Amino acid sequence: MRKLPHVSNSDDGLMQIKQDYLTFIAQANKSLGYNPYLKGILFALIMDGELLTQEQLMELTGYSRSMVSETLAGLTDMNSQYPVSELRIPGKKKKFYKSTISFVQYIRILAISNIQASETSYDFIDKILPRLEALISHSSGDVKKDIIHVKDLFLFLKSTNKSVQAIMSFLDDHLNSILETGKMPDISPYLDKATDTREM
């Protein structure tokens, strides 16, 4: 990814802000183990919201022509998790691209995929907890303390997952309203449900 040039006028200033943001998105996703080029191109399309050419995406992201072309091929594939449309405009030789999902939809897809990826491990915790309880009832001294420590760790992981799921439920119910009004509804009922010990 190239170093972004300094610009001065207002139009170029907005372009600079977009470029800086897309560079940040790419670097952040790379540090998390995601494909930085895919997320850079995707966010460029989502942020602009209009039809963009390959050359415009190159300008926004600083990626090479081959990298943009390769990334668009993946995003326009029918099996893409984040589908992008490839379009032709009468009288224009160039291809145009547009994201078929909004930022809100992207957040939902990402949240759901992350939760689904962790569900198996948390189901496993539910199977482990009774075994730990059985060990605690037959142990004493330092051994019992160690088992209780492990049990508390698993309970903490489970409660954390429930809190994340509660926040995702809250966003699923209210994100459109938050973005439209700028007002944050009360999230406490969702968190109260997540911390209800009867469900643990």
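The structure reproduced in this document is the subject of the present report. Because the structure is predicted, anything quoted here is derived from the model rather than measured. (Residues numbered from 1 in each chain as written. Predicted model: local features only at pLDDT ≥ 70, side-chain atom pairs only at ≥ 80, totals over all residues. Heavy atoms only, no water.)

## Observations concerning the overall build of the chain
Piece 1. Secondary structure assignment for the chain yields seven helices and three strands.
Piece 2. In sequence order, the secondary structure elements of the chain are arranged as α-α-β-α-α-β-β-α-α-α.
Piece 3. Scored against the burial criterion, the 200 residues of the chain give a buried share of 30%.
Piece 4. In the chain, the proportion of contacts linking residues at least 24 apart, taken out of those at least 6 apart, comes to 51%.
Piece 5. As displayed, the chain has an accessible area near 12,900 Å², and 57% of this comes from carbon and sulfur atoms. (Helix = DSSP H or I, 4+ residues; strand = E, 2+ residues; numbered from the N terminus. Buried < 20%, exposed > 50% of the residue type's maximum accessible area, 1.4 Å probe, protein only. Contact = heavy atoms within 4.5 Å. Areas by Shrake-Rupley, 256 points an atom, 1.4 Å probe, with all protein chains shown as cover.)

## Some remarks on the side chain of Q54
Piece 1. Within the secondary structure layout, Q54 lies in helix α3 (residues 54–61).
Piece 2. Residue classification places Q54 among the buried positions, given a relative accessible area of 14%.
Piece 3. Discounting residues that sit within four places of it in the chain, Q54 has contacts with R65, V68, S69, L72, K95 and Y97.

## Some words on the sheet that holds strand β1 (residues 52–53)
Piece 1. Pairing is antiparallel across the open sheet formed by three strands, whose spatial order is β1-β3-β2. In the strand order of this sheet, the two ends are held by β1 and β2 (84–88), each with one partner.
Piece 2. In this structure, β1 lies alongside strand β3 (residues 95–99), joined through two bridges in antiparallel fashion. Note on β3: the bridge partner recorded for T53 is F96.
Piece 3. Against the sheet, helix α2 (residues 36–48) engages β1, β2 and β3, with an angle of about 80° to β3. (Pairing = 2+ DSSP bridges. Axes fitted to C-alpha atoms, helices over the stretch in contact; angles between N-to-C directions.)

## A few points about a nonpolar patch on the surface
Piece 1. A grouping of Y21, F24, M47 and F103 is seen on the molecular surface, where their side chains present a nonpolar patch of about 370 Å² in accessible area.
Piece 2. Along the chain, F103 turns up in helix α5 (residues 103–137). (Patch = residues over 30% accessible without salt bridge, like charges linked within 9 Å, V, L, I, M, F, W, Y side chains within 5 Å. Salt bridge = Lys/Arg side-chain N within 4 Å of Asp/Glu carboxyl O.)

## Digging into the pairing of β2
Piece 1. The pairing of β2 with β3 spans five bridges and is antiparallel. Bridge pairing in β3 links S85 to K98.
Piece 2. In sequence, β2 turns back onto β3 through a hairpin of six residues, with G91 there showing a positive phi of about 90°.

## Focus on the environment of T61
Piece 1. You can see T61 is positioned in helix α3.
Piece 2. Measuring from C-alpha to C-alpha, the distance between T61 and Q19 comes to 6.1 Å, with 42 residues separating the pair along the chain.
Piece 3. If sequence neighbours within four positions are ignored, T61 has contacts with L22, G40, I41, A44 and V68.
Piece 4. Within the structure, the side chain of T61 is placed 2.7 Å from the backbone oxygen of L57, a separation counted as a polar contact.
Piece 5. From its side chain, T61 meets the backbone nitrogen of Y63 in a polar contact 3.2 Å long. (Polar contact = N/O pair within 3.5 Å; in protein donor to acceptor, adjacent residues only side chain to side chain.)

## Points about the packing of α3 against helix α4 (residues 65–75)
The relative placement of two packed helices comes down to the angle between their axes together with the axis-to-axis distance.
Piece 1. Contact pair α3 / α4: the axes reach a minimum separation of 10 Å and the direction vectors enclose 115°. It follows from the interaxial angle that α3 and α4 lie roughly perpendicular. In the crossing of α3 with α4, the sense of the turn from one axis to the other is right-handed. The segment α3 lies against α4, with Q54, E55, L57, M58 and T61 engaging R65, V68, S69 and L72.
Piece 2. Across the contact of α3 with α4, the residue classes break down as four nonpolar, three polar and two charged. (Parallel < 35°, antiparallel > 145°, perpendicular 65-115°, else oblique. Left-handed = near helix turned anticlockwise from the far one by under 90°. Nonpolar A, V, L, I, M, F, W, Y, C, P; charged D, E, K, R; others polar.)

## Some points on the pattern of salt bridges
Piece 1. Tallying each qualifying case throughout the model produces five salt bridges.
Piece 2. In this structure, K151 engages E133 in a salt bridge whose closest nitrogen and oxygen atoms are separated by 2.4 Å. Placement of K151 in helix α6 (residues 141–181) and of E133 in helix α5 is noted, with a sequence separation of 18 residues between them.
Piece 3. Owing to a relative accessible area of 38%, E133 belongs among the partly exposed residues under this scheme.
Piece 4. Among the charged side chains, a salt-bridge network with shared partners connects E55, R65 and K94.

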